[in-house]
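Okay, here's what each chain looks like letter by letter:
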Amino acid sequence: MNIVLLGPPGAGKGTQAKRIQEMFSIPHIATGDILRDAVAKGSDLGQIANSYMEKGLLVPDEVVIGLIKERLAEPDTENGFLLDGFPRTLAQARALDKVMEQMGKKLDAVISIVVSEKEIIRRLTGRRVCKSCGRIYHLIFNPPKRAEFCDMCGEELYQREDDKVETVKKRLVVYNKETAALIRYYQAQDILIEVNGEESVEDVFKNIKEALEARV
Ligand code: ADP
Ligand code: ADP
Ligand code: ZN
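As the structure is a computational prediction, the values presented were derived from the model and not from experiment. What you see as residue numbers is a count from 1 along each chain, following the sequence as written. Written order determines the labels here, with chains lettered from A and ligands numbered from 1. Side-chain atom pairs in this predicted model are given and counted only at pLDDT of 80 or more, local residue features only at pLDDT of at least 70, and totals for whole chains, interfaces and linings cover all residues. Values reported for side chains reflect all heavy atoms of the structure, with hydrogen atoms and water molecules removed beforehand.

Undergrad: An account of helix H4 (residues 61–72) is requested, with residue identities and associated values reported.
TA: Every α-helical turn comprises 3.6 residues, leaving residues that sit three or four positions apart pointing alike. In this text, helices come from DSSP runs of H or I with a minimum length of four residues, and strands from runs of E with a minimum of two, each type numbered from the N-terminal end. What a helix is expected to span follows from its residue count: subtract one and scale by 1.5 Å. Its 12 residues place the ends of H4 16 Å apart at the C-alpha level, agreeing with the 16 Å of an ideal helix rising 1.5 Å per residue. Of all the positions in H4, only Val-64, Ile-65, Leu-67, Ile-68, Arg-71 and Leu-72 are classed as buried. Down the axis of H4, the sector holding all buried residues measures 160 degrees, keeping them to one side. Summarising the geometry of H4, the exposed residues directed more than 90 degrees from the buried face are Glu-62 and Glu-70. The contact definition used throughout considers only heavy atoms, calling two residues in contact when any of these lie within 4.5 Å. Buried-residue contacts for H4 involve strand E2 (28–30), helix H2 (31–41), helix H3 (44–53), strand E3 (81–84) and helix H5 (90–102). Partly exposed residues are those whose accessible area sits between 20% and 50% of the maximum for their type, while under 20% is buried and over 50% is exposed, using a 1.4 Å probe and protein chains only. Read the arc as the range of directions from the helix axis to the C-beta atoms.

See the structure below:
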């Protein structure tokens, strides 16, 4: 299964991706995670990426397309992959189609997680992430057992720099301007699956699972 997860920031892409990854045993490839790693390492790429990310803007297409091409060439994607946060522009979607064609593959499904703006603000301002394993929490909706520490590995949780309310609002403007058009793009390819993201994490997953199984 070659799958794309689409949706505004805070829709629950990362949360669902962890579960889908386990179900299908395919790698979870999140451009946001790859870019944050580069930022943490302080590489040239990281410094360029951070100058966009901290403002809530998209990193330039050629940078992320290059990263994804490299990542999809790795052997663990042989039996499928799950893209989270890529593509985010029409140029990225077209580049992905081209790379897939060159590899003799195709996308099987694009899952669009639908969530209202009000809910997005609530979710992102309460989001906390484990420094070590990347597990995602929410202060109210999905709190860790011990405040500010990860249930899985015991490490500290942190708030993403771009999850401050002002940056979240900018990211939403960018989503509506650049990314929302991908819904029609994939609808036209007849691979779009729309899922209501405003149910419990378990129910959203159940709906995604059923929709994917119906396609296999
Ligand atoms: P969220 O999970 O909130 O949707 P991500 O972790 O996917 O956010 O992305 C965080 C930031 O990383 C984005 O705001 C953007 O600056 C950058 N980024 C991630 N993926 C892409 C992409 N495909 N194209 C351009 N920029 C990206
Ligand atoms: P995305 O990757 O799309 O930006 P995340 O998976 O990081 O979204 O989720 C954003 C925030 O919303 C996190 O704090 C997460 O714990 C919370 N969350 C995710 N799914 C749900 C849900 N179905 N109900 C309530 N909160 C959720
Ligand atoms: Zn952890």
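Having seen the structure, we can now continue with the description.
Undergrad: How would you explain the site of ligand 1 if you had to name every residue and give the values?
TA: If even one non-hydrogen atom of a residue comes within 4 Å of a molecule or strand, that residue is called near it. In the neighbourhood of ligand 1, 19 residues make up the surrounding shell, with Thr-31, Arg-36, Leu-57, Gly-85 and Arg-171 lying closest. Think of a polar contact as two N or O atoms within 3.5 Å of one another; within protein, one of them needs to be a possible hydrogen donor and the other a possible acceptor, and neighboring residues in sequence only count if both atoms come from side chains. In the model, an oxygen atom of ligand 1 is placed 2.9 Å from a nitrogen or oxygen of the Arg-36 side chain. Between ligand 1 and Arg-88 there is a distance of 3.0 Å, counted from a nitrogen atom to a side-chain nitrogen or oxygen. All accessibility values rest on the Shrake-Rupley procedure with a 1.4 Å probe; residue burial counts only the protein chains present in the view. Surface burial for ligand 1 is 96%, taken as the share of its 560 Å² of free accessible area covered by protein chains.

Undergrad: An account of a nonpolar patch on the surface is requested, with residue identities and associated values reported.
TA: Patch definition: residues above 30% relative accessible area lacking any salt bridge, with like charges linked at up to 9 Å and the nonpolar side chains Val, Leu, Ile, Met, Phe, Trp and Tyr linked at up to 5 Å. Whenever a carboxyl oxygen of Asp or Glu lies within 4 Å of a side-chain nitrogen of Lys or Arg, that contact is scored as a salt bridge. Taken together, the side chains of Leu-139, Ile-140 and Phe-141 present a nonpolar region at the surface, about 320 Å² in accessible area. Mapped onto the elements of the fold, Leu-139 is located in the loop between strand E6 (136–138) and strand E7 (157–158). The class of Leu-139 is partly exposed, set by a relative accessible area of 40%.

Undergrad: I'd like to hear about the coordination of the zinc ion (ligand 3), residue by residue, with values.
TA: The donor set comprises N, O and S atoms within 2.8 Å of the metal, extended to 3.2 Å for Na, K and Ca; water molecules are omitted, so apparent gaps in a site may simply reflect that omission. Protein coordination of the zinc ion (ligand 3) is provided by Cys-130 (SG), Cys-133 (SG), Cys-150 (SG) and Cys-153 (SG), with donor distances spanning 2.3 Å. Square planar and octahedral sites, with four and six donors, are those where opposite donors lie more than 155 degrees apart and all other angles lie between 65 and 115, tetrahedral sites have four donors with every angle between 85 and 135 degrees, and the rest are irregular. Around the zinc ion (ligand 3) sit four donor atoms; with metal-centred angles ranging over 98 to 119 degrees, the donor geometry is tetrahedral. What makes Cys-153 partly exposed here is its relative accessible area of 34%.

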